[in-house]
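# Report on the structure
Chain residues, written in single-letter form:
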Amino acid sequence: MRRSVMRALSALVVSAPLAGAQVVAITGGTVYPVKGPKIENGTVIITAGRITAVGAGLAAPAGATVIDARGKWVTPGFINAATTLGLVEVGAVAETRDNGVRSPNGVSAFFQPWEGLNASSVDIPQARNDGLTSVVTGPGGGMVSGQAAVIDLTGDTPEALIRKAPAAMIANFGHSTSRGELFAKMRDLLNDARIYATRRAQYELGNTRTMAAGKADLEALQPVLAGTMPIVIDADRRSDIEAALRIAREYKLRLILAGGAEAWMVADQLAAAKVPVITGGILNIPRSFATLGQRSDNLALLRKAGVNVIIISDSYASGGGFNAGNVRYEAGNAVSSGLGWDDALRALTLAPAEAFGVGDKVGSLAAGMDGNVVVWSGDPFEFATRAEAVLIKGRRVEGPSRRDQLQQRYRNPAAASSTKP
Amino acid sequence: MRLMTSVLAVLAIALPLGAQGTARTAPPDTSRKPVTYVAGALSTPNADPFPSTYKARPARTTVIRNVTILTGTGQRIDNGVVLLSGGKVVSVGASVNAPADADVIDGAGKWVTPGLIDTHSHLGVYPAPGVDANSDGNEATNPNTAQVWAEHSVWPQDPQFPRALAGGLTTMQILPGSANLFGGRSVVLKNVPGRSTQEMKFPGARYGLKMACGENPKRVYASRGPSTRMGNVAGYRTAWIAAEGYRRRWDKWLETRAGDPPTRDLQLETLAEVLRGNIYVQNHCYRADEMMQMIDIAHEFGYQIRSFHHGVEAYKIADVLAKEGISASIWSDWGGFKMEALDGIRGNLALVHAAGARAIVHSDDPVGTQRLNQDAAKGVASGAALGISISPEVAITWITSNPAWALGLDDKIGSLAPGKNADVVLWTGNPFSVYSKADKVWIDGALMFDRSNPRSWWATDFELGFVPVVMGGSR
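Now for a description of the structure that goes with this document. All values reported here derive from a predicted model rather than from experimental measurement. (Residues numbered from 1 in each chain as written. Chains lettered and ligands numbered in written order. Predicted model: local features only at pLDDT ≥ 70, side-chain atom pairs only at ≥ 80, totals over all residues. Heavy atoms only, no water.)

### Some thoughts on the overall build of chain B
Filter applied, for reference: Helix numbers and strand numbers start at the N terminus; a helix is a DSSP run of H or I with at least 4 residues, a strand a run of E with at least 2. Exposed residues in this analysis have more than 50% of their type's maximum accessible area, buried residues have under 20%, and partly exposed residues fall in between, with area computed by a 1.4 Å probe over protein chains only. The contact criterion used is simple: two residues touch if any of their non-hydrogen atoms lie within 4.5 Å.
Helix and strand content of chain B: 12 helices and 17 strands. A burial count over chain B gives 62% of its 475 residues as buried. Looking at chain B alone, contacts between residues at least 24 apart form 70% of all its contacts between residues at least 6 apart.

### Some words on the overall build of chain A
What counts here: We compute the radius of gyration from the C-alpha atoms alone; for a globule the expected value is 2.2 Å times N to the 0.38, where N is the number of residues. Where accessible areas are quoted, they stem from the Shrake-Rupley method and a 1.4 Å probe; at the residue level, only the protein chains shown are allowed to cover. In this tally, Asp and Glu contribute negative charge and Lys and Arg positive charge; neither His nor the terminal groups of the chain are included. Note that the charge is assigned to NZ on lysines, CZ on arginines, CG on aspartates and CD on glutamates.
In terms of helices and strands, chain A carries 14 helices and 16 strands. Here the C-alpha radius of gyration of chain A, 22 Å, is about what a compact globule of 421 residues would show, namely 22 Å. Counting every position in chain A, which comprises 421 residues, the buried fraction comes to 57%. Intrachain contacts of chain A at a sequence separation of at least 6 include 66% that bridge at least 24 residues. Total accessible area on chain A is roughly 16,100 Å²; 51% of this is exposed by carbon and sulfur atoms. Each charge sign in chain A was given a centre, from 44 positive and 37 negative side chains, and these centres are 2 Å apart.

### Quick word on helix H14 (residues 402-409) of chain A
Definition in use: This arc corresponds to the set of directions leading from the helix axis out to the C-beta atoms.
What H14(A) keeps buried is the set Arg403(A), Leu406(A) and Gln407(A). Projection of H14(A) onto a plane perpendicular to its axis shows the buried side chains occupying an angular sector of 90°, all on one side. Structural note: H14(A) exposes Gln405(A) and Gln408(A) on the side pointing more than 90 degrees away from its buried face. Of the surrounding secondary structure, the elements contacted by the buried residues of H14(A) are helix H2 (123-129) of chain A together with helix H8 (348-354) of chain B.

### Remarks on the interface of chain B and chain A
Definition in use: As used here, buried area is the combined drop in accessible area, with a 1.4 Å probe, of two parts when they are placed together. Only one rule defines a salt bridge in this text: a Lys or Arg side-chain nitrogen within 4 Å of an Asp or Glu carboxyl oxygen. We call two N or O atoms a polar contact when they sit within 3.5 Å, provided that within protein one can donate a hydrogen and the other can accept it, with sequence-adjacent residues counted only if both atoms are side-chain atoms.
If you look at the interface, chain B gives 53 residues, while chain A gives 47 residues. Of the roughly 4,200 Å² buried between chain B and chain A on both sides combined, carbon and sulfur atoms contribute 59%. Per-residue buried area on chain B facing chain A is highest for Arg346(B), Val434(B) and Tyr435(B); these three make up 16% of the total on that side. Applying the counting rule to chain B against chain A returns three salt bridges. With a shortest N-O distance of 3.6 Å, Asp365(B) and Arg287(A) are connected by a salt bridge. The interface formed by chain B and chain A holds 19 residue pairs in polar contact (both at pLDDT 80 or more) in total.

### Observations concerning the state of the cysteines
Residue and element names in this part refer to chain B. Applicable threshold: By definition, disulfides here are pairs of cysteine sulfur atoms that lie within 2.5 Å.
Within the structure shown, the criterion is met by one disulfide over all chains. For cysteine 213, the disulfide goes to cysteine 285, at an S-S distance of 2.4 Å. Around the S-S axis, the bridge from cysteine 213 to cysteine 285 shows a dihedral of about -95° and counts as left-handed. Within this pair, whereas cysteine 213 is found in the loop between strand S10 (208-212) and helix H3 (215-220), its partner cysteine 285 is found in strand S11 (residues 280-285), the two being separated by 72 residues in sequence. Taken as a pair, cysteine 213 and cysteine 285 share a single burial class, namely buried.

### Description of the packing of helix H4 (residues 229-256) of chain B against helix H5 (residues 266-275) of chain B
Between two packed helices, what matters for the description is the angle formed by their axes and the separation of those axes. Residues and elements named next belong to chain B. The condition that has to hold: As a rule, the C-alpha atoms of each element are fitted with a line to give its axis, helices using only the stretch in contact, and angles between N-to-C directions run from 0 to 180 degrees. Each angle is binned into one of four classes, with values under 35 degrees roughly parallel, values over 145 roughly antiparallel, values of 65 to 115 roughly perpendicular, and all other values oblique. By the convention adopted, Pro, Cys, Tyr, Trp, Phe, Met, Ile, Leu, Val and Ala count as nonpolar, Lys, Arg, Asp and Glu as charged, and the other residues, Gly among them, as polar.
Viewed as axis vectors pointing N to C, H4 and H5 meet at an angle of 80°, and their least axial separation amounts to 8 Å. Looking at the two axes, H4 sits roughly perpendicular to H5. Facing Ala239, Trp240, Ala242, Ala243, Glu244, Tyr246 and Arg247 of H4, the residues of H5 in contact are Leu268, Glu269, Leu271, Ala272, Val274 and Leu275. Residues belonging to the contact of H4 with H5 are distributed by class as follows: 10 nonpolar, no polar and three charged.

### A short note on the environment of Asn142(B)
Residues and elements named next belong to chain B. Turning to its location among the elements, asparagine 142 is positioned in the loop between strand S6 (116-121) and helix H2 (160-165). Sequence-wise, asparagine 142 and arginine 224 are 82 residues apart; in three dimensions their C-alpha atoms are separated by 9.5 Å. Beyond its immediate stretch of four places on either side in the chain, asparagine 142 contacts Asn180, Tyr221 and Arg224. One polar contact links the side chain of asparagine 142 to the main-chain amide nitrogen of asparagine 144, over a distance of 2.9 Å.

### Section: the environment of Thr53(B)
Residues and elements named next belong to chain B. Summarising the element assignment, threonine 53 is placed in the loop between helix H1 (2-14) and strand S1 (62-70). On the basis of relative accessible area, threonine 53 is assigned to the partly exposed category, the value being 39%. Separated by 144 residues in sequence, threonine 53 and threonine 197 have C-alpha atoms that sit 8.8 Å apart. Apart from residues no more than four positions distant in its own chain, threonine 53 is found in contact with Ser196, Gln198 and Glu199.

### Comments concerning the side chain of Thr83(A)
Residues and elements named next belong to chain A. One can find threonine 83 in strand S6 (residues 78-83). Reaching out from threonine 83, the side chain makes a polar contact with the backbone oxygen of valine 136 at a distance of 3.0 Å. In this view, threonine 83 contacts Val135, Val136, Thr137, Gly138, Tyr316, Gly320 and Ala324; residues no more than four positions away in its chain are not counted.

### Describing the packing of aromatic side chains
Selection rule: Centre distance within 6.5 Å is the pairing criterion for rings of Phe, Tyr and Trp, where only the six-membered ring of Trp is used; planes under 30 degrees apart are then read as stacked, over 60 as edge-to-face, and the remainder as tilted. Over a ring means this: the NZ of a Lys or the CZ of an Arg is within 6 Å of the ring centre and within 35 degrees of the ring normal.
In this structure the tally under the stated criterion is 28 aromatic pairs over all chains. Centre to centre, the rings of Phe78(A) and Trp376(A) are 4.9 Å apart; their planes meet at 35°, and the pair counts as tilted. Residue Phe78(A) is located in strand S6, and its partner Trp376(A) is located in strand S14 (residues 373-376); the two are separated by 298 residues in the primary sequence. Since its relative accessible area comes to 1%, Phe78(A) is described here as buried. Aromatic side chains Tyr246(B) and Trp250(B) sit 6.3 Å apart centroid to centroid with 50° between the ring planes, which places their arrangement in the tilted category. A residue pair is termed a helical-turn pair when its members lie 3 or 4 positions apart in one helix, as Tyr246(B) and Trp250(B) do in helix H4 at four residues. Across this residue pair, the class does not change: Tyr246(B) and Trp250(B) are buried. These aromatic residues form a ring-pair network of at least three members: Tyr32(A), Trp73(A), Phe78(A), Trp341(A), Trp376(A) and Phe381(A). The ring of Trp405(B) has Arg358(B) lying over it, and the distance from NZ or CZ to the ring centre is 3.9 Å.

### A closer look at the sheet that holds strand S7 (residues 169-174) of chain B
Residue and element names in this part refer to chain B. We count it as follows: Here, any two strands with at least 2 DSSP bridges between them count as paired.
Overall, mixed pairing links the three strands, which are arranged S6-S7-S9 in an open sheet. Two strands lie at the open edges of the sheet, namely S6 and strand S9 (187-190), each paired on one side alone. Going from strand to strand, the sheet's axes swing by 20° on average, the running direction of each strand aside.

### Regarding the pattern of salt bridges
All names here are of chain B. Scanning the entire structure with this criterion turns up 49 salt bridges over all chains. Between arginine 247 and glutamate 244 there is a salt bridge whose closest N-O contact spans 2.9 Å. Taken together, the residues arginine 247 and glutamate 244, both in helix H4 and three residues apart, mark about one turn of the helix. According to the relative accessible area criterion, arginine 247 is buried, its value standing at 3%. For glutamate 273, the salt bridge is made with arginine 276, and the minimal N-O distance between the two is 2.9 Å. A relative accessible area of 3% means that arginine 276 is categorised as buried.

### A word on the nonpolar core
Short version of the rule: Here, nonpolar core refers to any group of buried Ala, Val, Leu, Ile, Met, Phe, Trp, Tyr and Cys residues whose side-chain atoms link them within 4.5 Å.
One finds Phe182(B), Trp240(B) and Tyr303(B) to be the most contacted residues of the largest nonpolar core, which totals 98 residues. With eight residues, the single largest contributor to this core is H4(B). Those residues in contact with Phe182(B), other than ones at most four positions away along the chain, are Pro143(B), Asn144(B), Thr145(B), Ala146(B), Leu209(B), Lys210(B), Met211(B), Gly235(B), Tyr236(B), Ala239(B), Trp240(B) and Leu271(B). Residues Val224(A), Ala267(A), Leu302(A) and Phe381(A) belong to the second largest nonpolar core, which totals 84 residues.

### A short note on the sheet that holds S6(A)
Residues and elements named next belong to chain A. Read from one edge to the other, the open sheet built from eight strands follows the order S6-S7-S8-S9-S10-S11-S12-S13, with strand pairing classed as mixed. A single partner strand is all that each edge strand has here, and the edge strands are S6 and strand S13 (309-311). Pairwise comparison of adjacent strand axes, ignoring direction, gives a mean angle of 25° for this sheet. Note that strand S8 (residues 144-152) and strand S9 (residues 162-172) share six bridges and pair antiparallel. Residue pairing across strands places glutamine 147 opposite methionine 169, the latter belonging to S9. Lying over the sheet, helix H11 (residues 327-336) contacts S6, strand S7 (132-137) and S13, oriented at roughly 125° with respect to S13.

Structure, rendered in structure tokens:
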């Protein structure tokens, strides 16, 4: 039952209903296509939810809805690649947390949290007002947390939200146990998943020894072992990152490194292994013995070494739905610490899109891409800048968030007691 | 208020700290208003048992010219000049008379502000790395621990201090955590290296009392009580009743000095000093309705709440805060993580400001405390979205003069005016741009951080050997 539902969800790609062949033209802005230089006086034309043209000075087609972007900056919709959006509503309220599994062996590879995705999360309207059009939302905790999904931030049901699920396996090289023990457990798990794949029939008959995890976990790891699903490993200390690189090499895994406090120390290795790194642009505190080398120019150093970087503002474990849109300030801070502005933009758009397997549809502005576009009042990394128009698959999605409603109600606090409900 | 403050400042200088007998200056029984203030003045026999041993570093006469100045008093001076000498701000204006031997800094394209102040910090009491052995911020053993003092938990080697300095932070109030109804005394620190916490203590700064509303105390003490908000309120009131009796007994003895003094009680001593107006209440409280309850409790017992901390719903009662003279130490955009934080909005700072109350950007976070300017910038942007226009010269007061007021130190810090301590930040650009960083930071006129000279950066003892030394990246 569960698996068939999941398969049905997984099969969904893009099928949001669109009102006819509606045409939107965003005209006159400075367009940042990401896969190419910026275009002054650029036009982005979106037809029936897909971008059909991007270029300088293109005229809006007759009948198109025109968004005047003169003096504005136009970018692909931003993607926050590490959130719990739709999975955690109020962090301290257990009944609103659907992002973790308490698994005795620390392995819940089977876990596909998007079945419990809350499309009505009040944080979703806020996130899209802030210029996010997609996020990766995923599980946290344990050694193997489960699988993450890429969702677009519009839709009434999980099916409508999901762009790609599963998109990645999430794992953690934390320090809950001796490091060597954890790495051995990880290898044991991957070995057993391999063995399981060749002995499914015997397994079903009970003719195999006890495996390191249950059937659902062993099944779920197959695409990871086949290299068709990336595995995000959260690791901070240099030696933990090197262990992740080693294990990825041994099992031919498609590794994405998250956390990566000391990634700058092994930047060359990460670049050579073509491992993208998901990390923030602000942290510089040795908050634990695993992050003694945490520094605010981590992203800049990684990029300089040729690493494909992805900027996030939180982690799967720590949550991050309420202010998921603040990821753009992480980018701004990363730029102030030496990351190139264009690299920062890429790290919020194309880089996460490609790492999570949706780069053919989102993350850049070009004909054939989905119409996930944001018109900004200025430099999107600046505090004073606002997302003025946010389009997902060609449709405007801005609107009052719960927070907007509250602050309108209390615009004049002394009069609020008499406000109509 | 301003007059009162300056009178108190004079007294604080005239009377040696910790001297017995200073208590005689206090009126005996009835006063519930701030009286002659000396740190812990009415704690007998020793008013100041852990005195500050802070010493300002050698300061050079310094001129910063050709710079945009935000004074912290609501003014902006373009192409201005600041003169620092003897550890004080000497003059601020379009031009100054600078001595020939002054260090001259050309601030072309740069901005100058007062040193930033955080009313809500746990640096030192929740240091990095965050291991249990150094987790000293919450004495979560009793709902009332007014007897504990945060300064006895501060680890001066916390590597978070120098990182905050590199963000322009020069003064901070270190608070106990929020597990308890009464968490204990705060301490105000200068952001300087010290072998002891005493070497960091802001001379003459008064203590604060950390109080906490709502979810945290009732969660921590669920099994023994208080386990409800009404239990919380009963806990505050019971304690204040005891404190009032203690204050009366002591004040009577202090007046007559007849017979044996009453027995000292560290817990009641702190609370009594609040009732005398000598210690300010710094009240962790999220919800508007709970803040209103706390205001009534303050009225019942005749003390002042100096600042509500976190106050994610301050905007709902901004008019009341203005009327009551209570500041709001708040974030620009944080909330949502628990029920009492659910109604956090981004317009909080702007709405509090617009209602005429004192808005303060606080951090409660070692990352946020490094960039109070950025949080203020977010508050400004959110104000603009509500049609509330806030200029940089006003926004800077949220992180300088307003927090200085909340700590009772606005006569010394928080603004660039002649005679004020020379706590100054030179920014690489507009401090409300994401691309600006603190370039140089002075405390009492001494250059404490210079971005251009990584070799000069303060690294705590802990960092030696543990934190990789590759210059540039950790500040």
